[in-house]
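# A look at the structure
Okay, here's what each chain looks like letter by letter:
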Amino acid sequence: MAGDARHVLVIEDDAETAEQLLDCLRASGYEVDLAVDGEEGLRRGLAGDYVVMTVDRMVPCIDGVEVIRRLRENGVATPALILSALGEVDDRVRGLRAGGDDYLVKPFASQEMVARVDALARRSGTVIRETMLRVGDLEIDLLARIACRSGQKINLLPREFKLLTYLARNAGQVVSRGMLLQEIWDLHFDPTTNIIDVYVGRIRRKIDSGQAYPLIHTIRGVGFCLRAPG
Amino acid sequence: MLGFASVLLGKTLRSSTLKLAFIYVIVFSSAIFAVLGYVYWATVDFVSKNFDRSISVEWALLIKAYGSVGQTGLTTLINRRVADPFFDEWAYLLTDPSFNPVAGNLKSWPTTLHGDQGWGKFSPLDWQSNSTKQPSFRASYQILADGDHLLVGRRLDGLDRFGQKITIGLAWAAGLFLVLAAAAGISTSRRSVARIEAINATSREIIETGLRERIPLRGTGDEWDGLAENLNSMLDRIEELVESNRQVSNNVAHDLRTPLTRMRGRLERAYSREFDISQYHALIGETLIELDEILRTFSSLLRITQIEMRHRTAGFRNLDLTEIAREVLELFEPAAEENGVTLELSAGDRVDVVGDRDLLFDAISNLVDNAIKHGGRNGRVVVAVSQDSDGAVLCVADRGPGIPIDERKHVLGRFYRLERSRNSPGNGLGLSLVAAVANLHGAHIDMKDNSPGLRIELEFPIAERAASGIPVQEARANAGTPNQAPP
């Protein structure tokens, strides 16, 4: 049940945070509805046809996690990104159990938030089971598990291949370090070191060195983006 | 001292132990009185039965004589008995059918004895005695074959005296018991009150002056000492935590203030001067990076606190430590390469631990990260996973400068950094996180000399199956699914 591909519901009670969320999402081309408490969020969530919703963990009237739970009970499957200032370890588990799809701890970089909304929006769209991914002159054969750049086969370790595939699926979109750790390693914490950068750095050397143009770009303060020029 | 004593007495009287002691005294004295009462009754009964039996035996003897030799023989026997000083407690009287005395030491038939036969009690007025007290007798009497009456009696004074002695003895015993029980009750409760008062005094002292005070031990090794010891070690632990909290606050203040001051200065400069747009851009970019650094430190700190406060085993499952170590090593391989460090895994088969994969991964990452950073250029870092009889052991060894022995216990504290690494990147929280994770998993951290270098060992307890009972296969299967909520 893919909704209007660009319509996002934001449930957030803090006016300034809400304004920032709306700004960022609108700048990324989304249409945004704001609900300032849990009750309004639940009403809009049930009535509207949203592609993604962002839910603050603690909003007035009805708790954010409870809103998601009730929406799920009523058959609303809109992917939800939980935004919370609460601790990550146990709270994340509780939020995700209630039916949340992703979790972001405040304070967060707005680009990271947009990157995660993008990822959820793509997920709620029609899933195309491609067997071949193409970004510029990079070709990834998902069946044969082979990646080629300008027709040259690139030697990748299994996890490197998985990471490159994830970047390619989200080509043109920013993918944060936290998202990579979550998707590729199934780890749910923010890395305190630059280890992901170093890891991606090695893949970048394999993909980009000696090529006409770079494909993997580092987005300062957020993460990475795989995109072809032009 | 007197004041203290009266306070103590007041407390003793109010104390719950004393009330308890009194209840015990009442219950036990009821039991004791019942037992003593029974003893009294049984003894007196036994003695008086014996008394009656002796009268019956004497009676039988006289009747036998009467049967064989008739009245004259009986008279002779009675006269012999009366003359015998051994029988001076006995009364005899043989009368003719109209109660005229024939033989015996009584002048007349006692008026209290009616009928032809039976048992009775009487006090003769004319008894020859050196005591002024009027004697009383218990007697058996009967009409004989030819109409004569015979009475055989025995003085009751002995029996009465015996009964009195028993009564007095039992009364003394009961009294003594009550006094002893009350004394024991008061002394026990006073002892308890004194120990409780010592604990209370220490508590008040702590409330007023701080955590330095400790409850005095008496060295008796009893449960009071046990309680005091436990309370003292609880106080030690609290003091330790408060101290580490204080340390952390100081360090947070220091480690966060410095970058915050820099940021403030930068913003102030931007606010007061005219910059062109590119300068503003650069300034904001730098500030954001620094701000992110602070936020990261902050969330690391929160994360450690959260891990420390988490319930042990909440959300734990069965994991393969070897597998986690292998994944960490794979993640760090490029970083090791970049630093010219050789990263090796020394592990055999699956090694079971029960735990949280995220946390273990993070902890091992921190150890490997440290080893690569501090292990020296062109160094060699070995991660070993093994299983021995005491449980799983994970060991990360480098060939760097190591940690001086006297600093080893400090490096697990938050923000603690060795002098030589003050200027290298890092926030001094890595090993604190490792310590918190190890603690949550019941693992012991051991720091050894790798000569040269440092060898950190995490010794896990024997793996029991996770309480939640999630099968390992299922846990593995979940690991690959994107956006999967951790079960």
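### Re the overall build of chain B
- A count of helical and extended segments in chain B gives nine helices and 12 strands.
- The buried share of chain B, taken over its 487 residues, is 24%.
- For chain B, long-range pairs separated by at least 24 residues make up 63% of all intrachain contacts whose partners lie at least 6 apart in sequence.

### A closer look at the overall build of chain A
- A tally of helices and strands in chain A yields eight helices and 12 strands.
- Across the 230 residues that make up chain A, the buried fraction comes to 43%.
- Here the analysis covers contacts within chain A between residues at least 6 apart in sequence; of these, 59% occur between residues at least 24 apart.

### Considering helix α7 (residues 177-185) of chain A
Residue and element names in this part refer to chain A.
- Among the nine residues that make up α7, eight are buried, leaving the element largely enclosed by the rest of the structure.
- Turning to α7, its buried residues number three or more, namely G178, M179, L180, L181, Q182, E183, I184 and W185.
- Positioned one or two residues after α7, D186 has a phi angle of 55 degrees, which is positive.

### Let's talk about the pairing of strand β1 (residues 90-95) of chain B
Residue and element names in this part refer to chain B.
- Along β1, six of the six residues are buried, which leaves the element largely enclosed by surrounding structure.
- Side chains W90, Y92 and L94 of β1 all project onto a buried face; the interleaved residues A91, L93 and T95 project onto the opposite face, where all are buried too.
- Here three bridges tie β1 to strand β2 (residues 101-104), and the two strands are oriented antiparallel to one another. By the bridge assignment, L94 is partnered in β2 with A103.
- Between β1 and β2, which follow one another and run antiparallel, lie five residues, and F99 among them has a positive phi close to 65 degrees.

### Quick word on the interface of chain B and chain A
- Across the contact, 30 residues belong to chain B and 27 residues belong to chain A.
- Those elements that place two or more of their residues in the side of chain B that touches chain A are α5 (277-309), α6 (321-338) and α7 (357-374) of chain B.
- Counting residues per element, the side of chain B that touches chain A draws most heavily on α5(B), which supplies 11 residues.
- Looking at the side of chain B that touches chain A residue by residue, the class counts come to 14 nonpolar, six polar and 10 charged.

### Some points on helix α8 (residues 430-440) of chain B
Residue and element names in this part refer to chain B.
- For α8, the buried fraction is high: 10 of the 11 residues fall into the buried class.
- Within the sequence span of α8, burial applies to G430, L431, S432, L433, V434, A435, A436, V437, A438 and L440.
- The inward-facing, buried residues of α8 contact α5, α7, β11 (444-449) and β12 (454-459).
- Where α8 ends, the next residue or the one after it, G442, has phi of about 70 degrees, a positive value.

### Brief notes about the sheet that holds strand β11 (residues 216-219) of chain A
Residues and elements named next belong to chain A.
- With antiparallel pairing, the three strands of this open sheet are ordered in space as β10-β12-β11. The sheet is open, and its two borders are formed by β10 (174-176) and β11, each paired with just one other strand. Put simply, the sheet's adjacent strands are angled 35 degrees from each other on average, direction ignored.
- Looking at chain direction, β10 and strand β12 (residues 223-226) are connected through three bridges and run antiparallel. Residue pairing for β12: V175 is matched across the bridge by F224.

### Remarks on the sheet that holds strand β4 (residues 137-143) of chain B
All names here are of chain B.
- One open sheet accounts for five strands, arranged β2-β1-β5-β4-β3; its pairing is antiparallel. Here the strands that pair on one side only, and so sit at the sheet edges, are β2 and β3 (118-122). Averaged over all pairs of adjacent strands, the angle between their axes in this sheet comes to 20 degrees, without regard to strand direction.
- One ladder, built from six bridges, connects β1 with strand β5 (residues 149-155); its direction is antiparallel.

### Side note on the packing of helix α2 (residues 16-83) of chain B against helix α3 (residues 157-209) of chain B
All names here are of chain B.
- Running from N to C, α2 and α3 cross one another at 165 degrees; their axes reach a closest spacing of 10 Å. By the angle between their axes, α2 is roughly antiparallel relative to α3. Remark: the crossing between α2 and α3 carries right-handed chirality.
- Looking at side-chain class alone, the contact of α2 with α3 contains 25 nonpolar, 10 polar and no charged residues.

### Section: the packing of helix α2 (residues 38-47) of chain A against helix α3 (residues 64-73) of chain A
All names here are of chain A.
- Between α2 and α3, whose axes approach to 10 Å, the crossing angle comes to 25 degrees. By the angle class used here, α2 and α3 are roughly parallel. Read as a crossing pair, α2 and α3 show a hand that is right-handed. On α3, the residues that touch G38, G41, L42, G45 and L46 of α2 are G64, E66, V67, R70 and L71.

### Re unusual backbone geometry
- The step from A:K106 to A:P107 runs through a cis peptide bond, and the omega angle for that step is -5 degrees.
- With respect to the element layout, A:P107 can be found in the loop between β5 (102-105) and α5 (110-124).
- Following B:S451, the chain continues into B:P452 via a peptide bond in cis, with omega recorded as -5 degrees.
- For B:S451, which is not glycine, the phi torsion reads 30 degrees and is therefore positive.
- Among the secondary structure elements, B:S451 is positioned in the loop between β11 and β12.

### Remarks on the nonpolar core
- Counting residues in hydrophobic clusters, the biggest one holds 114 residues, and the most contacted among them are A:V8, B:I364, B:V368 and B:V437.
- Take this core: its biggest share by element is nine residues, from α7(B).
- In this view, B:V437 contacts B:I307, B:L359, B:L360, B:D362 and B:A363; residues no more than four positions away in its chain are not counted.
- Counting residues in each nonpolar core, the second largest holds 18 residues, with B:W90, B:L106, B:F137 and B:L156 among its members.

### Some details on the pairing of β12(A)
All names here are of chain A.
- As paired elements, β11 and β12 share four bridges and run antiparallel to each other. Paired with H217 across the bridge in β12 is C225.
- The antiparallel hairpin formed by β11 and β12 contains three residues in its connecting segment, where G221 sits at a positive phi of about 80 degrees.

### What about the confidence of the model for chain B?
- Confidence in the prediction for chain B averages 82 pLDDT; 88% of positions are at 70 or higher.
- Here the complex is predicted with pTM 0.63, and the ipTM for its interfaces comes to 0.79.

### Some points on the environment of B:S389
- Secondary-structure assignment places B:S389 in the loop between β9 (380-388) and β10 (391-397).
- Taking C-alpha positions, B:S389 is 9.6 Å from B:P461, a pair spaced 72 residues apart along the chain.

### Description of the environment of A:R44
Residue and element names in this part refer to chain A.
- As for its placement among the helices and strands, R44 is situated in helix α2.
- Taking the C-alpha atoms as reference points, R44 and L34, separated by 10 residues in sequence, lie 9.0 Å from one another.
- If we ignore the near neighbours within four places in the chain, the residues touching R44 are L9, D33 and A35.

Reading guide: rules and limits
Residues numbered from 1 in each chain as written. Chains lettered and ligands numbered in written order. Predicted model: local features only at pLDDT ≥ 70, side-chain atom pairs only at ≥ 80, totals over all residues. Helix = DSSP H or I, 4+ residues; strand = E, 2+ residues; numbered from the N terminus. Buried ≥ 20, exposed ≤ 12 C-beta atoms within 10 Å, placed from the backbone. Contact = placed C-beta atoms within 7 Å. Pairing = 2+ DSSP bridges. Nonpolar A, V, L, I, M, F, W, Y, C, P; charged D, E, K, R; others polar. Axes fitted to C-alpha atoms, helices over the stretch in contact; angles between N-to-C directions. Parallel < 35°, antiparallel > 145°, perpendicular 65-115°, else oblique. Left-handed = near helix turned anticlockwise from the far one by under 90°. Core = buried A, V, L, I, M, F, W, Y, C linked by C-beta atoms within 7 Å. pLDDT = per-residue confidence, 0-100.

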